[in-house]
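Descriptive structure summary
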Amino acid sequence: DQQVKQNSPSLSVQEGRISILNCDYTNSMFDYFLWYKKYPAEGPTFLISISSIKDKNEDGRFTVFLNKSAKHLSLHIVPSQPGDSAVYFCAASASGNAGNNRKLIWGLGTSLAVNP
Amino acid sequence: EPEVTQTPSHQVTQMGQEVILRCVPISNHLYFYWYRQILGQKVEFLVSFYNNEISEKSEIFDDQFSVERPDGSNFTLKIRSTKLEDSAMYFCASSGGRALYNSPLHFGNGTRLTVT
């Protein structure tokens, strides 16, 4: 089951620079996308989300871009900080018109290391 | 900030034994979930629960699995007869509303289940 793919298992960036994490999906029924961050020995923490009716959502240093035609989304972190070092998961849902909380389909994650 | 708490953090059991994984969701949340992550694999949806009944379950959630909300605060996952392949990190999550756009899932830190 490869409905949500994060093709880069790891990424390393310098503090202050931009981190770009990518995610591709195959299921055209997905209409809501989320990014979660996970530190070791902790559960995933919600970071930012985007509905399929938008192409961009911004929250502070975090911006998610959605390209529906390419079935691709990306998370931009700028400027990157050492505390951002974590595993980032892309997840998608086919929520339907009511936006119902449905099961999330997850990517394998990308481990981000931000070097001081 | 309110948290989802899970106990125990690590459970070791022998194959064929029953285990109960416990979760205390955020107090005013109404929707509850179990996910699991086998080492090196994706986070997988198991089950969602609302209004004292299962609202959705995956093909993984077979007759060996059950969920219960025995009182106003706990949400449990029972595996009746554990198999080696049940070894995984089990995450409980809760959300306050039905719609993903305003009620993202909040996850606990997980219970690592090891079946020997």
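The structure contained in this document is the topic of the report that follows. (Residues numbered from 1 in each chain as written. Chains lettered and ligands numbered in written order. Predicted model: local features only at pLDDT ≥ 70, side-chain atom pairs only at ≥ 80, totals over all residues. Heavy atoms only, no water.)

**A look at the nonpolar core**
- Grouped together as the largest cluster of nonpolar side chains are 24 residues, with contacts concentrated most on A:Phe33, A:Trp35, A:Leu73, A:Leu75 and A:Tyr88.
- Contributions of two or more residues to this core are made by β3 (19–25), β4 (32–38), β5 (45–51), β7 (62–67), β8 (72–77), β9 (86–93) and β11 (110–115) of chain A.
- Counting residues per element, this core draws most heavily on β9(A), at four residues.
- Of all hydrophobic cores here, the second largest spans 23 residues; its members include B:Ile26, B:Phe32, B:Leu46 and B:Leu77. (Core = buried A, V, L, I, M, F, W, Y, C linked by side-chain atoms within 4.5 Å. Buried < 20%, exposed > 50% of the residue type's maximum accessible area, 1.4 Å probe, protein only. Helix = DSSP H or I, 4+ residues; strand = E, 2+ residues; numbered from the N terminus.)

**Things to note about the interface of chain B and chain A**
- Facing 22 residues of chain B, the contacting portion of chain A comprises 26 residues.
- Of the roughly 2,000 Å² buried at the junction of chain B and chain A (both faces included), carbon and sulfur atoms supply 56%.
- Our enumeration of links across chain B and chain A arrives at four residue pairs in polar contact (both at pLDDT 80 or more).
- Contributing elements (two or more residues each) for the side of chain B that touches chain A: β4 (31–37), β5 (43–50) and β9 (88–95) of chain B.
- Here the side of chain B that touches chain A takes three residues from β4(B), the largest share from any one element.
- Here the residues of the side of chain B that touches chain A are counted per class, giving eleven nonpolar, eight polar and three charged. (Contact = heavy atoms within 4.5 Å. Buried area = accessible area lost by both parts, 1.4 Å probe. Polar contact = N/O pair within 3.5 Å; in protein donor to acceptor, adjacent residues only side chain to side chain. Nonpolar A, V, L, I, M, F, W, Y, C, P; charged D, E, K, R; others polar.)

**Details of the packing of aromatic side chains**
- Counted by the stated rule, this structure contains 17 aromatic pairs over all chains.
- Judged by centre distance (5.4 Å) and plane angle (90°), the rings of A:Tyr36 and B:Phe107 are edge-to-face. With A:Tyr36 in strand β4 and B:Phe107 in strand β10 (residues 106–107), the pair connects residues from two separate chains. The pair A:Tyr36 / B:Phe107 is uniform in exposure class, with both members buried.
- Centre to centre, the rings of A:Trp106 and B:Phe107 are 5.6 Å apart; their planes meet at 80°, and the pair counts as edge-to-face. Here A:Trp106, found in strand β10 (residues 105–106), pairs with B:Phe107, found in strand β10, and the two come from separate chains. The two residues A:Trp106 and B:Phe107 agree in class, both being buried.
- Each member of the aromatic cluster is reached from another via a ring pair, and the members are A:Tyr36, A:Phe46, A:Phe89, A:Trp106, B:Tyr35, B:Phe45, B:Phe91 and B:Phe107. (Phe/Tyr/Trp six-rings, centres within 6.5 Å; stacked < 30°, edge-to-face > 60°.)

**Concerning the environment of B:Met89**
- By secondary structure assignment, the location of B:Met89 is in strand β9.
- If near-sequence neighbours (up to four positions away) are discounted, B:Met89 is found in contact with B:Tyr35, B:Arg36, B:Gln37, B:Asn109, B:Gly110, B:Thr111 and B:Arg112.

**Digging into the pattern of salt bridges**
- Counted by the stated rule, this structure contains four salt bridges over all chains.
- A:Lys56 is the salt-bridge partner of A:Glu58, the closest N and O atoms lying 3.9 Å from each other.
- The class for A:Lys56 is partly exposed, based on a relative accessible area of 41%.
- Across the salt bridge formed by B:Arg36 and B:Glu44, the nearest N and O atoms sit 3.2 Å from each other.
- In the salt-bridge network here, residues are joined through shared partners; they are B:Arg36, B:Glu44 and B:Asp86. (Salt bridge = Lys/Arg side-chain N within 4 Å of Asp/Glu carboxyl O.)

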